[in-house]
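So the chains spell out like this:
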Amino acid sequence: MSLTELEMLEREYAVPTYVRNPVQFVRGSGARLWDADGNEYLDFLAGISVLNVGHCHPRVVEAVRDQVGRLSHVSNLYYTEPALKLSAALSRNSLGGKVFLCNSGAEANEAAIKLARRARPGGNVVVLEGAFHGRTYGALSATPQETKQAPFAPLVPGFVVVPKDPGVLSDAVDAGTAAVLLEPIQGETGIHPLSDDLLVAAREACDRTGAALIFDEIQTGMGRTGTLWAYEQTDVLPDAITSAKALGGGLPIGALVTGPGLADTLQPGDHGSTFAGGPVVAASALVALEICSDPELLARVRVAGDRLASGLATLPYVTAVRGRGLMLAIDVNPDVAAPELAKRALLEQRLVVNATGPATIRLEPPLIVSDDELDEAVVRLAELAP
Ligand code: PLP
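Calculation rules
Residues numbered from 1 in each chain as written. Predicted model: local features only at pLDDT ≥ 70, side-chain atom pairs only at ≥ 80, totals over all residues. Heavy atoms only, no water. Helix = DSSP H or I, 4+ residues; strand = E, 2+ residues; numbered from the N terminus. Rg over C-alpha atoms; globule rule 2.2 N^0.38 Å. Buried < 20%, exposed > 50% of the residue type's maximum accessible area, 1.4 Å probe, protein only. Contact = heavy atoms within 4.5 Å. Areas by Shrake-Rupley, 256 points an atom, 1.4 Å probe, with all protein chains shown as cover. Salt bridge = Lys/Arg side-chain N within 4 Å of Asp/Glu carboxyl O. Polar contact = N/O pair within 3.5 Å; in protein donor to acceptor, adjacent residues only side chain to side chain. Near = heavy atom within 4 Å.

Undergrad: Tell me about the overall build of the chain, and please be specific about residues and values.
TA: The secondary structure content of the chain amounts to 13 helices and 17 strands. The C-alpha radius of gyration of the chain comes to 21 Å, within 12% of the 21 Å expected for a compact globule of 386 residues. For the chain, the spread of C-alpha atoms along the principal axes amounts to about 55 × 55 × 45 Å. Counting only residues that meet the buried cut, the chain has 52% of its 386 residues in that class. Taking as baseline every contact in the chain between residues at least 6 positions apart, the subset at least 24 positions apart corresponds to 70%. Accessible surface computed for the chain: about 17100 Å², of which carbon and sulfur atoms make up 54%.

Undergrad: Provide a residue-level description of the pattern of salt bridges, including the pertinent values.
TA: Taken as a whole and judged by the stated rule, the model has 17 salt bridges. Here R300 makes a salt bridge to D371, at a shortest N to O gap of 2.9 Å. Remark: D371 occurs in helix α13 (residues 371-382) and R300 occurs in helix α11 (residues 295-313); sequence separation between them is 71 residues. The partner of E376 in a salt bridge is R380, and the shortest N-O contact between them spans 2.9 Å. With E376 and R380 both in helix α13 and four residues apart, the pair spans about one turn of that helix.

Undergrad: Could you give an account of the environment of R362, naming the residues involved and the relevant values?
TA: Within the secondary structure layout, R362 lies in strand β17 (residues 360-363). For R362, a relative accessible area of 1% puts it in the buried group. Those residues in contact with R362 that lie beyond four places of it in its chain are F44, L45, I48, G187, E188, I191, Q219, L328, A329, V353, N354 and T356. A distance of 2.9 Å separates a polar atom in the side chain of R362 from a polar atom in the side chain of E188.

Undergrad: Run through the site of the ligand, naming residues and quoting values.
TA: Lining the immediate surroundings of the ligand are 13 residues, of which G105, A106, D216, Q219 and K245 lie closest. Take E188: an N or O atom from its side chain is 3.1 Å from an oxygen atom of the ligand. The fraction of the free accessible surface of the ligand (390 Å²) that becomes covered by protein chains is 80%.

Quick look at the structure:
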């Protein structure tokens, strides 16, 4: 179908929640995408940090093909091998507790919020200004952004919003706090790493009060920052983490991973989901997790991130480069509108990036991106200088 035909179908039949760019992608491989006219693009967004292993990684494709041809679904009333192997791999590669699988990032955070409330009934959840935890009601209630929340009030009660200030955060946590929920690097709102002081204050406040410290690693996890999880680069060990996005290798999945202390808090009947941990997505995720936890790949992400950050810093319109590993953002000077720049990058330079706000562009290429591709992206961005 042509782009014009798709636009007509969307206008008539799709609930208009998305503002799409006028490109129809039909194929992907590694860090490259192709549109319906055969044009090749460099993908420096990776489906919003989903294709960490790259598009159509041969091992992911093989695992999915193999599994979908044998068994695609039976429900969680029965045992299946991929889901339990994935749970074991996730636990062994992180906090060593237990895993609840689900279908998306928002769902993983819903599970985390339920876990925290189950551990401390009626407790509040402390969240930070600038956070993004998803669009379902619990996750949205943990996302203190006026434009996203206001049209859907009343929200879920019991969320306390604090600024990114260690003292204020510490004061807000007390015996009535079930959890502190935070992203170690705030992603959707422009790639803002939280300070070590803030993370340490959160850990100490949770230790003092018995609240759970939960890291939302949905965007930062799966090797994106140069370690499998971003918490590994901090002085703090959370009590639970949430994962999604890149975990599925391109298919939809989410996970709540607990440490040993919270492993048996949720009990039979407390939570569940029909599709959660289905054999196909779990088989795909097992491969993705194996690839993303490879120490060689993780070391490469750190080197590649430094190379990209240095290149970005040379662009004449860039005022700041932020982030860690291949989770980067640039701030652009006021006479360049970031959304317009991202659109021109796509349409004129065939480089996929996205604007997280009026002055910020986010870059999150697949972790397997080559040096040539990193340098080429910077060249393409340089072409957009006013
Ligand atoms: N948490 C973080 C940190 C995210 O970046 C996102 C998505 O962008 C979510 C939660 C929500 O994930 P999903 O869109 O899969 O529900």
